[in-house]
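Chain by chain, the residues run as shown.
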Amino acid sequence: MKNLNKIYKLDKKIVLAPMAGITDGDFCKNYTDLFGITCIGAFNLDSKTDIASKSILKRGRKEFIYDLEDLSEKIVLEIKKAKESKSLVSVNVRFDDFLAAKKTLVQISKYADIIEINCHCRQEEITNLNLGQNLLKLENNLKLKEILTQIDNLNLKTPIFLKIRANFVNFEELTDSLNNVKDYFEGIHIDCFNPKKNYPDLDYLKKVWENFNEKIIIGNNSVNSIESAKKMIEYCDFVSVARSVISKNIEWIYEFNKLMSETKK
Ligand SMILES: Cc1cc2nc3c(=O)[nH]c(=O)nc-3n(C[C@H](O)[C@H](O)[C@H](O)COP(=O)(O)O)c2cc1C
């Protein structure tokens, strides 16, 4: 049985979204009592994604590069630090080789509240491995299924979420892909990416919300105010934020938390 109760019970509905090279334990522990869930990572769990990440870093993007030798211990430390924020902790991961990733996944599951499989990254070095957002393509569905069934066989208590990007594949393709693997994950964290627009695609989110209503849904993209969070939460259980936190625009989150707890009363 997956441990979902503590997620359903959360009063705080805002989630800190993962940002490679930024959201580690030290960053997250600064935000005490602010987020319901804090996502750390993305972390690379095998040598292929580690090499990809190193070349992404070379062209100037921030990444988390950890020695694969003591990766489990390092990530556990990051989880423990992130927990100082008093939120639940979700760990965003990428890997190609399950056997190489297995030990770390098991260790993560002992400390984290959610394991988030990265089906979102659009960096070429990752998509060339048919990972990240490429896992959403129907042609790569067997690969996604293999990853998820292998994790499922570990019988971890930690819920599995998929971090996905809207509009990389159309909604029909996404539905086909996710329906084929729906027994192996509990939540969808969706960046409502809206090509060439600076606002989220709430229609896409609404369809995901309606079609996967048994899943926990975290909506994401361009939320930076009480108003934008209110609009998004109509179609999801939680709303996540990344760039708003980077730009230190967080006062509204305290207000939003207050508002949510008052409406509950
Ligand atoms: C610098 C940066 C790094 C990111 N790294 C990751 C990552 O490692 N894994 C992931 O799933 N999403 C990553 N994202 C995407 C964010 O989690 C989020 O989906 C995106 O920024 C849209 O949300 P926002 O409009 O609140 O920023 C990253 C975003 C930024 C800005």
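Each residue is numbered by its place in its chain's sequence as written, counting from 1. Reporting in this predicted model follows two pLDDT cut-offs: at least 70 for local features of residues, and 80 or more for side-chain atom pairs to be given and counted; totals over whole chains, interfaces and linings ignore these cut-offs and use all residues.

1. Here we look at unusual backbone geometry
Working note: non-glycine residues mostly have negative phi, and peptide bonds are mostly trans. Residues G41 and A42 are joined by a peptide bond in cis, for which omega reads 10 degrees. Along the chain, the position of A42 falls in strand β2 (residues 37-44). Positive phi, close to 60 degrees, is recorded for K196, a residue that is not glycine. You can see K196 is positioned in the loop between β6 (187-191) and α9 (202-211). For N221, which is not glycine, the phi dihedral falls at a positive 130 degrees. With respect to the helices, strands and loops of the structure, N221 is situated in the loop between β7 (216-220) and α10 (226-233). Secondary structure counts use DSSP, requiring at least four H or I residues in a row for a helix and at least two E residues in a row for a strand, with both numbered from the N terminus.

2. A word on the environment of F193
Residue position: F193 is located in the loop between β6 and α9. Judged by the 20 C-beta atoms lying within 10 Å of it, F193 is buried. Counting along the chain gives 29 residues from F193 to I164, while the straight-line C-alpha distance between them is 9.6 Å. Residue pairs are scored as contacts if the distance between their C-beta atoms, which are placed from the backbone, is within 7 Å. Residues contacting F193, with those up to four places away along its chain left out, are R165, A166, N167, D201 and N221. Here exposure depends only on C-beta density: within 10 Å of a residue's C-beta, 20 or more other C-beta atoms make it buried, 12 or fewer make it exposed, and intermediate numbers make it partly exposed, the C-beta atoms being placed from the backbone.

3. A short note on the UniProt feature "domain: DUS-like FMN-binding" (unreviewed entry) in the protein
UniProt positions are given in the numbering used here, feature names are shortened, and annotations may be inferred rather than shown by experiment. Mapped onto the present numbering, the UniProt feature "domain: DUS-like FMN-binding" (unreviewed entry) falls on residues 85-245. The distance separating the terminal C-alpha atoms of residues 85-245 is 14 Å; by composition the span is 37% helix and 20% strand.

4. Focus on helix α4 (residues 71-83)
With 13 residues, α4 should reach 18 Å at 1.5 Å per residue; the first-to-last C-alpha distance of 18 Å fits that figure. Contacts from the buried residues of α4 go to α2 (25-28), β2, β3 (88-94) and α5 (98-111). By this rule the span expected of a helix is its residue count minus one, scaled by 1.5 Å.

5. As for the environment of F27
Mapped onto the secondary structure, F27 falls in helix α2. Residue classification places F27 among the buried positions, given that 20 C-beta atoms sit within 10 Å. Expressed as a C-alpha distance, the spacing of F27 and S85, which sit 58 residues apart in the sequence, is 9.8 Å.

6. Observations regarding the nonpolar core
A set of buried Ala, Val, Leu, Ile, Met, Phe, Trp, Tyr and Cys residues, joined to one another through C-beta atoms within 7 Å, is what we call a nonpolar core. Counting residues in each nonpolar core, the largest one holds 78 residues, and the members touching the most others are V15, V91 and V239. Residue contributions to this core peak at five residues, all from β2.

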